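Examination of the molecular architecture
So you can see what is in the structure, the chains are spelled out below.
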Amino acid sequence: MKTALAILLALQGKNLVRNPGFEEGDLHPAHWSRCDGLTQFWEKDDKRGGKCIRIFTRVCNEEYHARLEEMKLENPPPPKPPRPIKGMGYDTVGGNDGVAFWSDWIEVSPARRYRLMADVRSEGGVPKIFVKGYTDMPVEIDEGGKPKKVSIPRVTYKIYLDCPGGPEWRTSSLEFYPTYERDDVRRMRVMIFAYWPPQNYWFDNIRIFEVGDDPEAPKRWAALKEKARKEKDDERAAQVKEARYALGYIRQGIERYRGDMGAWPPDLAALVKDPGDPRWRGPYVMELEGDPWGNPYKYRLSGAGFTLKSHGPDAADGGDDDVE
Ligand SMILES: [Ca+2]
């Protein structure tokens, strides 16, 4: 039988998932997470031969989390036998957080379409297979009191495939575009995920193929970047407006202070802090909040008058972003 699926397979290129059928490995399947032996098992497939991954979610949620901690060790101890679950199993990992099992990194080519395929069987439940795409984002971390710039992978793309289960193996498939919205998704990983109902789920032959171009992508990225730029401009305009309003309000307070006290306030705090002088009839402003960028307004006596301004988004004096 030449099915549509077989034709599709013939048209597709190389499978990008390494060890897709879980046949390679020694203690653990190569190029995948280590199995925890409590909820995740790398075992022989009774139906078709070969090996597959089984996920068992009828395990107490706390026991799963304790096991996750142990699995961070280089040599985790063998798992303790799980305590029996009674009733529906609302306290199980299947009824709570679910069990995730990860592939290695897979490189993403921009403006390409991909197809995810997976073989699944279950005792009835419908597990999901996620693909998560990652962008390297610059962040500042604290390294012994000193700020340091590093880049860390952040999930910026996510899809999932519902895999209807049953006693026999069934193939599910989905087309996806990791760089649909942004051109900087560089890598992806497959996350096998089983949850409710609390039972056994089997997974095999996890495949990702490139299936062609996404020629609309550059146009889409440009439109999304333009939209983001415009939103940022609008936000900036609203912040500048807010700063101008606040500056006007503080200036009025300063003028009223001078009217009462006969001199400009030495600093902005003088507008709200009663000095114990009977001439002081403040507070002259209700509260002294910072500017919309989280910095204090800058007040300085100068000559016979004063200057009051915000240093703007760059928080530095000068530049064309200062607001007066
Ligand atoms: Ca297999």
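You'll find the structure just up there.
Treat the numbers as computed from the prediction; the structure is a model and nothing was measured.

**A short note on unusual backbone geometry**
Residue P197 follows W196 across a cis peptide bond; omega there is -5°. The amide bond that connects G282 to the next residue, P283, takes the cis arrangement and shows omega of 0°. Inspection of the secondary structure assignment puts P283 in the loop between α3 (217–261) and β11 (298–302). One non-glycine residue, A111, lies in positive phi territory at about 55°. Looking at where A111 falls in the secondary structure, it is placed in the loop between β4 (106–107) and β5 (112–122). Look at A111 and you get partly exposed, because 17 C-beta atoms sit within 10 Å. In this structure, N205 takes a positive phi of about 50° despite not being glycine.

**Description of the pairing of strand β3 (residues 99–102)**
Sheet faces and side chains relate simply in a regular strand, where the side chains alternate between the two faces. With burial as the criterion, only one face of β3 is covered, namely that bearing V99 and F101; the residues A100 and W102 on the opposite face remain uncovered. With four bridges joining them, β3 and strand β9 (residues 187–194) adopt antiparallel strand pairing. Looking at the pairing, A100 lines up with F193 of β9.

About the cut-offs
- Residues numbered from 1 in each chain as written.
- Predicted model: local features only at pLDDT ≥ 70, side-chain atom pairs only at ≥ 80, totals over all residues.
- Helix = DSSP H or I, 4+ residues; strand = E, 2+ residues; numbered from the N terminus.
- Buried ≥ 20, exposed ≤ 12 C-beta atoms within 10 Å, placed from the backbone.
- Pairing = 2+ DSSP bridges.

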